[in-house]
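Here is how the chains run, residue by residue.
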Amino acid sequence: MTRLLIVGPQGSGKGTQGVRIAEAYGIPAISTGDMFRAAVKSGSELGTKVTEIIEAGNLVPDELTSAVVRDRLSQSDAEGGFLLDGYPRNLGQVADLDAFLGGRGEKLDAVIELVVPRAESIERLTLRAKEQGRTDDTEQVIENRLAIYERETAPILDVYRAQGIALEVDGVGSLDEITARVIAALEGHGLTRSAAA
Ligand code: AMP
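Residues numbered from 1 in each chain as written. Predicted model: local features only at pLDDT ≥ 70, side-chain atom pairs only at ≥ 80, totals over all residues. Heavy atoms only, no water.

Visitor: Help me understand the sheet that holds strand β2 (residues 29-31), please; the structure alone is not making it clear to me.
Guide: Adjacent strands of a sheet form backbone hydrogen bonds with each other and so pair up, either parallel or antiparallel. Here five strands make up an open sheet; going across it, the order is β2-β3-β1-β4-β5 and the pairing parallel. The open sheet terminates on both sides in strands that have one partner only, identified here as β2 and β5 (166-170). For this sheet, the mean angle separating the axes of adjacent strands, direction not counted, is 25°. Here three bridges tie β2 to strand β3 (residues 81-85), and the two strands are oriented parallel to one another. Following the sheet pairing, Ser31 is matched in β3 by Asp85. Packing against the sheet, helix α2 (residues 32-42) makes contact with β2 and β3, and its axis sits at approximately 60° to β2. In this fold helix α8 (residues 175-188) packs onto β1 (2-7), β4 (110-115) and β5, with an angle of close to 155° to the strand it touches most, β5. (Pairing = 2+ DSSP bridges. Helix = DSSP H or I, 4+ residues; strand = E, 2+ residues; numbered from the N terminus. Axes fitted to C-alpha atoms, helices over the stretch in contact; angles between N-to-C directions. Contact = heavy atoms within 4.5 Å.)

Structure, rendered in structure tokens:
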């Protein structure tokens, strides 16, 4: 049972690495960004509520986001562990997740922090905007999202550092190099893949 969180600024590659790490540990990768984008695309009630917020690069209200995550974590495939990508994203969500996991007698085992310099994040996001045409990848929205990351998300790392479960990983390099670094950090923290499966 491995319960992980991956944190990093937009453009740090946390989505890509999250999927790779989840695969290595045989657990589902749960991305709130992907869930919200899917909801927007499907035109569901949730999608209608969050469309404008996402397009502006702002955060969806905690109450709504935490409810979506609680539902997802209650599905059977998350019973044997999970990797959260993009949630929690502020201190309120940290408290919500803590309360939910605590109620099940669970807690996060490790928090992977992908460290990428701001200039590199911006460069990668601008490239992704051209390739994928994401509506929240315009220059102004990118700036807004990075500012929110620094103001609201970075402080959650202090909480996990104080708990001794934060693992800093250099997020600059090839995809394979970074995956290998994350796995080495997790194994160094006692989270081996064989025990997880
Ligand atoms: P991401 O793909 O993780 O960058 O998420 C895309 C967008 O979804 C964000 O800019 C937010 O608008 C919204 N979002 C994703 N995760 C959260 C979260 N934990 N709390 C609030 N909003 C979120």
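Moving on from the coordinates now.
Visitor: Quick question: what am I supposed to make of empty space enclosed by the protein here?
Guide: This structure, assessed with the given rule, holds one cavity of 30 Å³ or more. Reported here for the largest cavity is a volume of approximately 60 Å³. What lines the largest cavity is simply Leu5, Ile6, Val7, Gly8, Gln10, Lys14, Gly86, Tyr87, Pro88, Arg89, Tyr149 and Thr153. For the lining of the largest cavity, the secondary-structure elements that each account for two or more residues are β1 and α7 (139-162). Broken down by element, the lining of the largest cavity gets its largest block of residues, three residues, from β1. (1 Å grid on protein atoms, 1.4 Å probe; cavity = no way out; pocket = protein on both sides within 12 Å on 5 of 7 lines; lining within 4 Å. Points joined across faces, edges and corners; volume = space filled by probe spheres on them.)

Visitor: Whenever I open this one, the UniProt feature "binding site: AMP" (unreviewed entry) in the protein chain confuses me. Can you help?
Guide: Per the UniProt record, the feature "binding site: AMP" (unreviewed entry) sits at Thr32, Arg37, Asn58, Leu59, Val60, Gly86, Tyr87, Pro88, Arg89, Gln93, Arg134 and Arg145. In sequence the annotated residues extend across 114 residues, and in space they extend as well, their farthest C-alpha pair lying 25.1 Å apart. None of the other annotated residues line the largest cavity; only Gly86, Tyr87, Pro88 and Arg89 do. Note that Thr32 resides in helix α2. (UniProt positions renumbered as here; feature names shortened; annotations may be inferred.)

Visitor: Teacher, can you tell me more about the layout of surface pockets here?
Guide: To find leftover empty space, a probe the size of one water molecule is rolled over the atoms. Size it by volume and the largest pocket reaches roughly 860 Å³. Lining the largest pocket we find 41 residues, and of these Lys14, Arg37, Arg128, Arg134 and Arg145 sit closest to its centre. The set of elements that each furnish at least two residues to the lining of the largest pocket consists of α1 (14-25), β2, α2, β3, α6 (118-132) and α7.

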